[in-house]
Amino acid sequence: MAAEAPAGLSADLAGLPAWTLDEGQLGDLELLLSGALPPLHGFMTAAEVDSVTADGRLLDGTPWPVPVTFEVPASAIKPDATRLMLQDPEGTPLAVLDITDRTPAAPDLVRLGGPVTGYRPAEHGPFRHLRRLPAEVAAEFAGGPVLAYVTNAPLHCHQIGQLRHAAGQLKARLLLLPMVAGPAEIVVRPDALVRTVQAAARNLPPGTQVIPVPLRPYHAADSDELALRAIVAAAYGATHL
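Reading the values: the criteria
Residues numbered from 1 in each chain as written. Predicted model: local features only at pLDDT ≥ 70, side-chain atom pairs only at ≥ 80, totals over all residues. Heavy atoms only, no water. Helix = DSSP H or I, 4+ residues; strand = E, 2+ residues; numbered from the N terminus. Rg over C-alpha atoms; globule rule 2.2 N^0.38 Å. Buried < 20%, exposed > 50% of the residue type's maximum accessible area, 1.4 Å probe, protein only. Pairing = 2+ DSSP bridges. Contact = heavy atoms within 4.5 Å. Axes fitted to C-alpha atoms, helices over the stretch in contact; angles between N-to-C directions. Lys, Arg positive; Asp, Glu negative; His and termini not counted. Salt bridge = Lys/Arg side-chain N within 4 Å of Asp/Glu carboxyl O. Polar contact = N/O pair within 3.5 Å; in protein donor to acceptor, adjacent residues only side chain to side chain. Core = buried A, V, L, I, M, F, W, Y, C linked by side-chain atoms within 4.5 Å.

Participant: Help me out: how do you make sense of the overall build of the protein chain in this one?
Facilitator: Scanning the protein chain from N- to C-terminus turns up seven helices and 11 strands. In terms of overall dimensions, the protein chain is globule-like: its C-alpha atoms have a radius of gyration of 19 Å, near the 18 Å expected for 241 residues. For the protein chain, the spread of C-alpha atoms along the principal axes amounts to about 55 × 40 × 35 Å. The buried share of the protein chain, taken over its 241 residues, is 48%.

Put into structure tokens, the structure is as follows:
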């Protein structure tokens, strides 16, 4: 939804057009701002999308599995707009997108590319205390192997056993990353997914960490989805996935 940026902002931001993010866009923004998608600092331009689609690499040569893009209705933003305030569904301003690139994405959509600058952290529900910056978690894990498991479904007994065995073989700490920005499997709500993963962690070695990540399925090839999960997990300090 397009609107004018809410009142109470600094003078250089108050007059900006604003866009209310949907769940997937909000998750992408959080990943970008937190540093969970290095080396990305914003939504991809057309040249970056073409490079990833054709060669599986960013323009600087970094291997990259899927485009991370931002689309809005063409009618939602004026053609001469250079900045866009990004806000959550409650209207809280979260970040500013500096528009360096715009291309048609569909007959009624425009794709906007450019860096994002955080303005205010996103609000979260009952598990906000579990949300942590990747760099902070990686610093705690530094110095030893870390086995990560990224999931949008609860863990069953067989998976718990596999994780215990693999962690023992690697002499690794365990990091469980439930995906909370897209639809969960089996359970309905993201908070239910986090609860089930926490319950599974009680049957895993001491020191296992559960950190919700705002990652969603990108409906790409399985290998590309796995590669993106690996990038996010590595940002949190994982050495194995």
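Participant: What is the right way to look at the sheet that holds strand 9 (residues 146-151) in this model?
Facilitator: Consider a sheet: its strands pair through backbone hydrogen bonds, and that pairing is either parallel or antiparallel. Reading across from one edge, 9-10-11 is the order of the three strands in this open sheet, with parallel pairing throughout. The sheet terminates laterally at strand 9 and strand 11 (209-210), the two strands that pair on one side only. The sheet contact formed by strand 10 (residues 173-178) and strand 11 spans two bridges and is parallel. Paired with L175 across the bridge in strand 11 is Q209. Helix 4 (residues 134-141) rests against strand 9, strand 10 and strand 11 of the sheet, and its axis sits at about 165 degrees to strand 10. Strand contacts of helix 6 (residues 190-201): strand 9, strand 10 and strand 11, with the helix running at about 165 degrees to strand 10, the strand carrying the most contacts.

Participant: What is the right way to look at the side chain of E225 in this model?
Facilitator: Topologically, E225 is positioned in helix 7 (residues 222-235). Buried charge without a partner: E225 forms no salt bridge, and the closest opposite charge is R229, 5.0 Å away. Side-chain polar atoms of E225 contact the backbone nitrogen of A220, separated by 3.2 Å. With sequence-adjacent residues up to four places away left out, E225 is seen in contact with R216, P217, Y218, H219 and A220.

Participant: Please explain the nonpolar core as it appears in this structure.
Facilitator: Nonpolar side chains in soluble globular proteins generally cluster together in the buried interior. Membership of the largest hydrophobic core comes to 48 residues, with the highest contact counts inside it found for W64, F70 and L86. Residues contacting F70, with those up to four places away along its chain left out, are W19, L21, Q25, F43, L84, L86, L97, V110, R111 and L112. Core analysis: the second largest hydrophobic core is formed by 15 residues, L163, A200, A201 and L204 among them.

Participant: It is not clear to me how the pairing of strand 6 (residues 93-98) should be interpreted in this structure. Could you clarify?
Facilitator: Every other side chain in a regular strand lies on the same face of the sheet, so the side chains alternate between the two faces. Judged by how many residues are buried, strand 6 sits mostly within the fold: five of six residues are covered. Taken together, the five bridges between strand 5 (residues 83-87) and strand 6 define a ladder with antiparallel strand orientation. When the sheet's bridge partners are listed, R83 is paired in strand 6 with D98. Both strand 6 and strand 8 (residues 109-118) contribute to a ladder of three bridges, which runs antiparallel.

Participant: When you look at the pattern of salt bridges in this model, what are you seeing that I'm missing?
Facilitator: Close approach of charged atoms allows side chains of opposite charge to pair. According to the stated counting rule, one finds eight salt bridges in the structure shown. The closest approach of N and O atoms between R132 and E140, which form a salt bridge, is 2.5 Å. Accessibility expressed as a relative area gives 43% for E140, which makes it partly exposed. Among the ionic pairs, D191 bridges to R195, the shortest N-O distance being 3.4 Å. Of this pair, D191 and R195 both sit in helix 6, separated by four residues, roughly a single helical turn. Within this structure, R132, E136 and E140 form a network of salt bridges that share partners.

Participant: Help me out: how do you make sense of the side chain of T69 in this one?
Facilitator: Mapped onto the elements of the fold, T69 is located in the loop between helix 3 (46-55) and strand 4 (71-73). Judged by its relative accessible area of 17%, T69 falls in the buried class. At 2.7 Å, the side chain of T69 forms a polar contact with the side chain of E71. Contacts of T69, omitting those with residues within four sequence positions, involve D28, F43, V49 and R111.

It is worth stressing that arrangement in space is one thing and function is another; only the former is reported here.
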